[in-house]
Amino acid sequence: MSQFEFYRNAIAIRVEVNRLMAKDKVCPKAFRLLNGVPTVETARSIVYNINRADHFYPNTSANVIERRKYITLAIADCDQLLQDMQCLIAMDVTSNVNVFERVTLMIDREIELLKGYRKSVKLTGAQTPEQRLAALEEEIERLRSV
């Protein structure tokens, strides 16, 4: 696995979902607004959350938590995308359910890649005990304000 295979795969999923939802045999026009548009948005959200995660460099414990949170949201988007496709199949509007096979395999792979990436997110850099204590105090203050 290359470091950003999950990112390239997420973009490929987004492109494939866009293609599928634009086909009448997959998502008829009568269902496009109710089902096609949200499905495309869910595929977009996978990439969105990966981009968000990337903007939190894991040099503080708070950034590690945020990066993991957005990766988790991308995983949840993958699960939702599978649910969206299952809904189209269950409504019996898709003439050929096999059209989802390729993208389903891509989504399963994406979930696997993202879970591996999430596990690998660790705090980087050397922090002094004072810096760690300050970060913990900041986190405690944040939790108290909730």
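The coordinates are above.
Residues numbered from 1 in each chain as written. Predicted model: local features only at pLDDT ≥ 70, side-chain atom pairs only at ≥ 80, totals over all residues. Heavy atoms only, no water.

Details of the pattern of salt bridges
Phase 1: Enumeration according to the criterion identifies nine salt bridges in this entry.
Phase 2: Between Arg109 and Glu5 there is a salt bridge, with its nearest N and O atoms 3.3 Å apart. One end of the pair, Arg109, is in helix α4 (residues 101–120); the other, Glu5, is in helix α1 (residues 5–21), with 104 residues separating them in the sequence.
Phase 3: In this structure, Asp24 engages Arg32 in a salt bridge whose closest nitrogen and oxygen atoms are separated by 2.7 Å.
Phase 4: The exposure class of Asp24 is partly exposed, given its relative accessible area of 44%.
Phase 5: One network of salt bridges, in which partners are shared, links Glu5, Arg109 and Glu112. (Salt bridge = Lys/Arg side-chain N within 4 Å of Asp/Glu carboxyl O. Helix = DSSP H or I, 4+ residues; strand = E, 2+ residues; numbered from the N terminus. Buried < 20%, exposed > 50% of the residue type's maximum accessible area, 1.4 Å probe, protein only.)

Comments concerning the packing of α1 against helix α2 (residues 29–54)
Phase 1: Two elements in contact, α1 and α2, have axes separated by 9 Å at closest approach and are oriented at 170°. When the interaxial angle is binned, α1 and α2 end up roughly antiparallel. Residues Phe6, Tyr7, Ala10, Ile11, Ile13, Arg14, Val17, Asn18 and Met21 of α1 form the contact with α2, whose participating residues are Arg32, Gly36, Thr39, Val40, Ala43, Arg44, Ile46, Val47, Ile50 and Asn51. (Axes fitted to C-alpha atoms, helices over the stretch in contact; angles between N-to-C directions. Parallel < 35°, antiparallel > 145°, perpendicular 65-115°, else oblique. Contact = heavy atoms within 4.5 Å.)

Topic: the packing of aromatic side chains
Phase 1: Across all of its chains, the model carries three aromatic pairs by this definition.
Phase 2: A network of ring pairs unites the aromatic residues Phe4, Phe6 and Tyr117 as a single cluster. (Phe/Tyr/Trp six-rings, centres within 6.5 Å; stacked < 30°, edge-to-face > 60°.)

Examining the environment of Val99
Phase 1: Locating Val99 in the fold gives a position in the loop between α3 (61–90) and α4.
Phase 2: When the C-alpha positions of Val99 and Asn51 are compared, they lie 28 Å apart, and in sequence the two are 48 residues distant.
Phase 3: The contacts of Val99, once residues within four sequence positions are left out, are Leu20, Val26 and Thr94.

Regarding the environment of Ile107
Phase 1: Mapped onto the fold, Ile107 is located in helix α4.
Phase 2: Classification of Ile107 as buried rests on a relative accessible area of 0%.
Phase 3: Sequence separation between Ile107 and Asn9 is 98 residues; the distance between their C-alpha atoms is 8.4 Å.
Phase 4: When residues no more than four places from it in sequence are discounted, the contact partners of Ile107 are Ile13, Cys78, Leu81, Leu82 and Met85.

Concerning the packing of α3 against α4
Phase 1: Here α3 crosses α4 at 165°, and the two axes come no closer than 10 Å. The angle between α3 and α4 places the two elements in the roughly antiparallel class. As for how α3 packs across α4, the hand of that crossing is left-handed. Residues Arg67, Arg68, Ile71, Thr72, Ala74, Ile75, Cys78, Asp79, Leu81, Leu82 and Met85 of α3 form the contact with α4, whose own contacting residues are Val103, Thr104, Ile107, Asp108, Glu110, Ile111, Leu114, Lys115, Tyr117 and Arg118.
Phase 2: Residues of the contact of α3 with α4, tallied by class, amount to twelve nonpolar, two polar and seven charged. (Left-handed = near helix turned anticlockwise from the far one by under 90°. Nonpolar A, V, L, I, M, F, W, Y, C, P; charged D, E, K, R; others polar.)

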